[in-house]
Structures are given as structure tokens and as C-alpha cells.
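For reference, the chains in residue letters:
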2 protein chains.
Amino acid sequence: MPRTTTASFPSVELHNRSGKGPVVILCEHASPDIPEPYHDLGLDPAHRFSHAAWDPGARDVAMALSRALDAPLVASRVSRLVYDCNRPPEAASAMPERSEVVDVPGNRNLTEAQRAQRIESVYRPFCTAVTQRLEERAASHLPTALITVHSFTPDYHGKPRTVEIGILHDADRRLADAMLAQSHRLAHRQIRRNDPYGPEDGVTHSLKLHGIGHGLANVMIEIRNDLLGTPADASTMADELLLLIEPALAELGFEIPIRGDAHDA
Amino acid sequence: MPRTTTASFPSVELHNRSGKGPVVILCEHASPDIPEPYHDLGLDPAHRFSHAAWDPGARDVAMALSRALDAPLVASRVSRLVYDCNRPPEAASAMPERSEVVDVPGNRNLTEAQRAQRIESVYRPFCTAVTQRLEERAASHLPTALITVHSFTPDYHGKPRTVEIGILHDADRRLADAMLAQSHRLAHRQIRRNDPYGPEDGVTHSLKLHGIGHGLANVMIEIRNDLLGTPADASTMADELLLLIEPALAELGFEIPIRGDAHDA
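Parameters at a glance
- Residues numbered from 1 in each chain as written.
- Chains lettered and ligands numbered in written order.
- Predicted model: local features only at pLDDT ≥ 70, side-chain atom pairs only at ≥ 80, totals over all residues.
- Heavy atoms only, no water.
- Helix = DSSP H or I, 4+ residues; strand = E, 2+ residues; numbered from the N terminus.
- Buried < 20%, exposed > 50% of the residue type's maximum accessible area, 1.4 Å probe, protein only.
- Contact = heavy atoms within 4.5 Å.
- Areas by Shrake-Rupley, 256 points an atom, 1.4 Å probe, with all protein chains shown as cover.
- Lys, Arg positive; Asp, Glu negative; His and termini not counted.
- Charge placed at Lys NZ, Arg CZ, Asp CG, Glu CD.
- Least-squares fit on C-alpha atoms with pLDDT ≥ 70 in both.
- Pairing = 2+ DSSP bridges.
- Axes fitted to C-alpha atoms, helices over the stretch in contact; angles between N-to-C directions.
- Polar contact = N/O pair within 3.5 Å; in protein donor to acceptor, adjacent residues only side chain to side chain.
- Bend = angle between axes of the 7 residues up to and from the residue.
- Buried area = accessible area lost by both parts, 1.4 Å probe.
- Salt bridge = Lys/Arg side-chain N within 4 Å of Asp/Glu carboxyl O.
- Parallel < 35°, antiparallel > 145°, perpendicular 65-115°, else oblique.
- Left-handed = near helix turned anticlockwise from the far one by under 90°.
- Nonpolar A, V, L, I, M, F, W, Y, C, P; charged D, E, K, R; others polar.
- Phe/Tyr/Trp six-rings, centres within 6.5 Å; stacked < 30°, edge-to-face > 60°.
- Lys NZ or Arg CZ within 6 Å of the ring centre and 35° of its normal.

Peer 1: Residues and numbers for the overall build of chain A, please.
Peer 2: Along the backbone of chain A there are five helices and eleven strands. If one aligns the C-alpha atoms of chain A with their principal axes, the spans along those axes are about 50 × 45 × 35 Å. Relative to its full complement of 265 residues, chain A shows a buried share of 57%. Pairs at least 24 apart in sequence give 80% of the contacts found in chain A among residues at least 6 apart. Carbon and sulfur atoms make up 52% of the accessible area of chain A, which amounts to about 11200 Å² in all. Averaging the positions of the 27 positive and the 36 negative side-chain charges in chain A gives two centres separated by 1 Å.

If you want it as C-alpha cells, here you go:
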């Protein structure tokens, strides 16, 4: 897959960095890549490219939203098992020894120096890339909402999940509420608030740090990954999500860019 | 003490409701009043007007800040022991059976109906009064920061506290950071971040609901109540706090009203 990166942030990819749309898009679990020095973290090959290592399909959706909304996209290029960019350094889940049923031998008994190396090489560059986008936009007086795109597995610990799209929020629920108010536009979808995860699961780190911390309306979108099996599926899902996102942004007073492939939204 | 109230919110007092300054001020623990039907909640008379029932001096500071900043002030007229307006209805501490060393017999074994009555008569009117101010100001395009004013006891469970002014925040730390950056202006004071309480103590409910929930910069100021023994002390403390607040607001891009009693800030 093509990547635009900067020399100073080899662990982060940026797309449409100067996009003038009203949104910045994040994708913390965009990639299953485990850089060579980490020796695949000792993972069982059966799990090496499973949802434990990344959020399959999330990057494709994020890219499609970035194009449609003329939005800068900041995505991690490194597996969440090396460092989960949606977790603060002090969280055990930032470098988990176990993820659902997947053991991660390469994360056992990490020294402070090893943890610090991952924080500096994966987490800090991601945060810095986001912060730079937000600061550039603030300096240009561009109103900004924050959207982070994730996917989840259709069954977890053997239990099937019926929710298809989760709209997640922490204490700032403005954008989530406005999107949920548009759910009737996707009547065929099971759309739920703070499901299958919510703030109590520790998944709102980016929302709090980059959204709430700057007073920006924000939302985390979780998509069941069986709906993202192919790039075409991901593109269709992005089109569906735009039916929630665009009127929600308009409701909050943002100006929506006019697109060639205009929707009825 | 003189009160301006509206007929529909007898449990709330509003001051300077149309103030055009860049701040809305809250004071949830402004009053020790326990309306007659609650029979003093069965409190030991020794504790009836103690800091368990209210935040002594906080209202005087809040009033002084309201005047200086031309800021609307929303204050509860009812003791926190009837309903603590800085707690959500589901929190046990909203109608506590015990507060530090003080038993509150009138809060034991409350029925759902009794809890609902207090929520509707004390908490909802307070929240509605705040929300109305914020909506009126948004409609008038008035930029708004949120400041809530509290006081704390100099010793808690027998342990003396050295902190004199606490600058408290939750995930949005913009205003707190900007105020703390001005601490050198009050070099004689012990000023600390998230001390003697912080978000982990459940004290940031109003900040989250009214500040973060609307994307507004926000802060909670806690003042040790031995520094607020007289109205003159409270007025002096308000003047000190303005040395932090005014440059902090300016740093965040708010316009500060020009006052007759101008400070060097």
C-alpha cells in the first residue's frame, strides 16, 4: 500500500496533511506491521495478522473518509501490539502481554528501557503528528472535529456480537449525539452508543487527549470487521458513515466541503 | 444575604445573568440552607453549619469574581447534604449518608421517590440554569470559559493540609495549565494542581457536564477555607485569583473586560 510519511516520523503515516475540511481523522490501529527488531513479538503465526495485531479494514475506511471530507489523516504504521497508540504509556494495555486469547511473548517482562524505546519511537511520533495538525489548523482558524476509526471482531471470547457500528464518546458527546440522531438514515444497520466498548474500557484515550484536551467535538467509530472484508466493502461503509457524519457536522455548525461524488446528505 | 432568583428555580440563585464577560461562574456548595421539610436532615447541631453542609466562603469569592469579570453566576441555594449539585444522580455522594466524620441520618434508607424528589427539586434546576446561560451565550456568540468555586477544610480526618489553592481539572486542562503558569504572581501561596482533590475523587462532574460537554475551557478552584474567614478575606482572595485568571483567559484568546478597579494583570 502506498504511504506518505515524513523522515522524522517513520512510524506514522500522514495523508492529505493540508486538507481544509472540518475534520482530522485518526487511525491508531491501521497497520499490522511489526518492525523487524521486534521478531514478530514471538506471536503464534496463526495470530500474526489477526485482529489482535490491528483493526482490519479501519485504515481503508479512514482513507475514504479522508478523501470525502478533505480531512488530514494520521495513522500509525506499527502494530498495536508493539505500542497501542490509543493507550497512555502508563496503561498495561499499551504493550499487552496478552490480547483476548493471544499471548504476546515479546511483551513479557519488558524493561523500563524497552518500554521507553517503544513510547519514544511509536507513541510520541503519533501524538506529535496529531498535535502538529491541530496546531496548524488552529493557526489557520480552521474549525476542527476529531474522528477516530476502529474495527472490532464479530465474536469476542466466542460470543457473537450483533452491533455493527459503535458510536463511542467520553464526556464530550456532541458529535456522537448528532451522529446517533441520524441513525434512521442507516435503518438496515445495528448502530449503538458506546458499544461494544466505551470509556470504561479505556478506549477513549485519543478522544480525551486530542479532542477534549483542545475543546474539539470528537467521536470514535467502531465498525464490525466482517463488514470490511474487501476494500470495496470498506468504501461502501465509508459512504454509509458519511450519511451520519455530514449532517452531524452540519448540525454542530461546521461547513461541509462540496464533493464531486456528492451524497444526498 | 440578598438573592435574585426566578420563580421557576427557587433552589438556584442567579447573579448578573446577562453579564458579557468571558466566563460563567458556578458555585454548587454556596449555601448551608436545608429547606424546612428536611428537618435539618437529623444533623448533630455541632455540624449543622460545618464544611460538611457547604463550602464556607466560596459564595463570597464567586460573587466577587462575578462582579470583576462581568460574569453570570449560578449558585445552589441548598446544602450539599440535601443534594450535592457537583455529583450525578447515580453517585452515592449526591445524597451522602456520611460526610467525613459527620453522620447524616436524614439521608439513610432514602426511597427511590425521595431521591427523585431531591434530584428534581435541587439538581435539575441547577443544571437547567447553567445550560440556559450557556445556550443564551452561544446564541449571542459570546466566548465562554467555565469556572467553579469551592472551598475545603484545613484539616481532614485530623491531618492538616498545606495546599492553599487547588487548581483542578479533568481531561481538558487548558485553563488550569494557563492559570498554573501564572503561579509566580502569587509566590506567597501554596498552589497545586488537582489537590486536595482531583478527577479520581469524582469532583469534576460539573466540569465534565457543563464544560467538556460543550467544548468550553474549564477549571475548578478550591480554596482552603481558613483563608476565607471574613467577607473581606474572600474579597482579597478573589483579587489574588484574578491575577491567575485574567492572564490565563487572555492566553487562551478570551477578551478580558476593562474594570474600574483594574489590576496590573
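We are not done yet, so read on.
Peer 1: Go over the relation of the copies chain B and chain A, please, and point to the residues and values.
Peer 2: Take chain B, turn it by 180°, move it 0.0 Å along the axis, and it overlays chain A with an RMSD of 0.0 Å. Here the copies are linked by what is in effect a two-fold axis. Across chain B, the smallest distance between a C-alpha and the rotation axis is recorded for G215 of chain B, namely 2.1 Å. The share of interface residues of chain B whose copies in chain A are also at the interface is 100%, consistent with both copies meeting through the same surface.

Peer 1: I'd love a proper account of the sheet that holds strand β9 (residues 165–168) of chain A, names of residues and values included.
Peer 2: Each strand in a sheet pairs with another by means of backbone hydrogen bonds, the pair being arranged parallel or else antiparallel. All names here are of chain A. On the basis of which strands lie adjacent, the open sheet formed by seven strands has the order β1-β3-β2-β6-β11-β9-β10 and mixed pairing. On the outer flanks of this sheet lie β1 (12–15) and β10 (191–193), each paired with one strand and no other. Sheet twist, expressed as the mean angle between neighbouring strand axes with direction ignored, is 20°. Pairing between strand β2 (residues 23–27) and strand β3 (residues 73–76): three bridges, direction parallel. Bridged to I25 within β3 is L73. Contacting β1, β2, β3, β6 (145–152) and β11 (218–224), helix α1 (residues 58–69) runs over the sheet at an angle of about 170° to β2.

Peer 1: Would you mind going over the side chain of S66 of chain A in detail, with residue names and values included?
Peer 2: Residue and element names in this part refer to chain A. The topology assignment puts S66 in helix α1. What makes S66 buried here is its relative accessible area of 3%. Reaching out from S66, the side chain makes a polar contact with the backbone oxygen of A71 at a distance of 2.7 Å. Once residues lying within four places of it in the same chain are set aside, the contact partners of S66 are N16, I25, A71 and L73.

Peer 1: I'd like a description of helix α2 (residues 112–139) of chain A, backed by residues and values.
Peer 2: The α-helix advances 3.6 residues per turn, and as a result positions three or four apart in sequence lie on the same side. In α2 of chain A, a bend of some 35° at I119 of chain A exceeds every other bend along the element. The first or second residue beyond α2 of chain A is H141 of chain A, which carries a positive phi of 55°.

Peer 1: Provide a residue-level description of helix α2 (residues 112–139) of chain B, including the pertinent values.
Peer 2: Among all positions in α2 of chain B, only R118, I119, V122, Y123, P125, F126, C127, A129, V130, R133, L134 and R137 of chain B are buried. Contact partners of the buried residues in α2 of chain B: β1 (12–15), β2 (23–27), β3 (73–76) and α4 (205–211) of chain B.

Peer 1: Tell me about unusual backbone geometry, residues and numbers included.
Peer 2: In the segment running from D195 of chain A into P196 of chain A, the intervening peptide bond is cis, with an omega of 5°. By the secondary structure assignment, P196 of chain A is in the loop between β10 and α4 (205–211). Of note in the backbone geometry, N16 of chain B takes a positive phi value of approximately 50° without being a glycine. Inspection of the secondary structure puts N16 of chain B in the loop between β1 and β2. Using a relative accessible area of 32% as the deciding quantity, one classes N16 of chain B as partly exposed.

Peer 1: Could you give an account of the interface of chain B and chain A, with specific residues and numbers?
Peer 2: Taken together, the contacts link eight residues of chain B with eight residues of chain A. Buried area between chain B and chain A, summed over both chains or domains, comes out near 650 Å², and the portion from carbon and sulfur atoms is 62%. Run the count over chain B and chain A and you get zero salt bridges. In this assembly, chain B and chain A are joined by two residue pairs in polar contact (both at pLDDT 80 or more).

Peer 1: Any chance you could break down the packing of helix α1 (residues 58–69) of chain B against helix α5 (residues 231–251) of chain B for me, citing the residues and the numbers?
Peer 2: Residue and element names in this part refer to chain B. The N-to-C vectors of α1 and α5 enclose an angle of 50°; their axes lie 8 Å apart at closest approach. As far as their axial angle goes, α5 and α1 are oblique. In the crossing of α1 with α5, the sense of the turn from one axis to the other is right-handed. Two secondary-structure elements touch here, α1 through D60, V61, A64, L65, A68 and L69 and α5 through P231, A234, M237, A238, L241, L242, I245, E246 and L249. For the contact of α1 with α5, a count of residues per class yields 13 nonpolar, no polar and two charged.

Peer 1: Just give me the short version of the side chain of N107 of chain B, but keep the residues and values in it.
Peer 2: Residues and elements named next belong to chain B. Counting through the fold element by element, N107 comes out in the loop between β5 (102–103) and α2. At 2.9 Å, the side chain of N107 and the backbone oxygen of L81 are in polar contact. When near neighbours in sequence (up to four residues on either side) are disregarded, N107 contacts L41, L81, M95, P96, E97 and R118.

Peer 1: Residue-level account of the packing of aromatic side chains, with values.
Peer 2: Residues and elements named next belong to chain A. The full count for this structure, using the stated rule, is two aromatic pairs over all chains. Considering the side-chain rings of Y83 and Y123, the 5.0 Å spacing of their centres and the 35° angle between planes classify their relative orientation as tilted. You can see Y83 sitting in the loop between β3 and β4 (98–99) and its partner Y123 sitting in helix α2, a full 40 residues away along the chain. Y123 shares its class with Y83; the two are buried. A cation sits over an aromatic face here: R48 above F49, 4.4 Å from the ring centre.

Peer 1: Which residues make up the pattern of salt bridges, and what values do they have?
Peer 2: All names here are of chain A. One pass over the full model with this rule turns up 32 salt bridges over all chains. Note that E120 and R124 form a salt bridge whose closest N and O atoms lie 3.7 Å from each other. Of this pair, E120 and R124 both sit in helix α2, four residues apart, which is roughly one turn of the helix. According to the relative accessible area criterion, R124 is partly exposed, its value standing at 38%. Ionic pairing is found between R189 and E164, a salt bridge with its closest N-O pair at 3.3 Å. On the criterion of sequence distance, the pair formed by R189 in the loop between α3 (174–180) and β10 and E164 in the loop between β8 (159–160) and β9 is long-range, its members being 25 residues apart.

Peer 1: Lay out the environment of D170 of chain A in plain terms, naming residues and giving numbers.
Peer 2: Residues and elements named next belong to chain A. When you line up the elements, D170 lands in the loop between β9 and α3. Classification of D170 by relative accessible area gives buried; the value is 18%. C-alpha separation for the pair D170 and N194, spaced 24 residues apart in sequence, amounts to 8.8 Å. Residue contacts for D170: discarding those within four places in its chain leaves P199, T204, L207, K208 and I212. Engagement of the side chain of D170 in a polar contact is seen with the side chain of T204, the distance being 2.6 Å.

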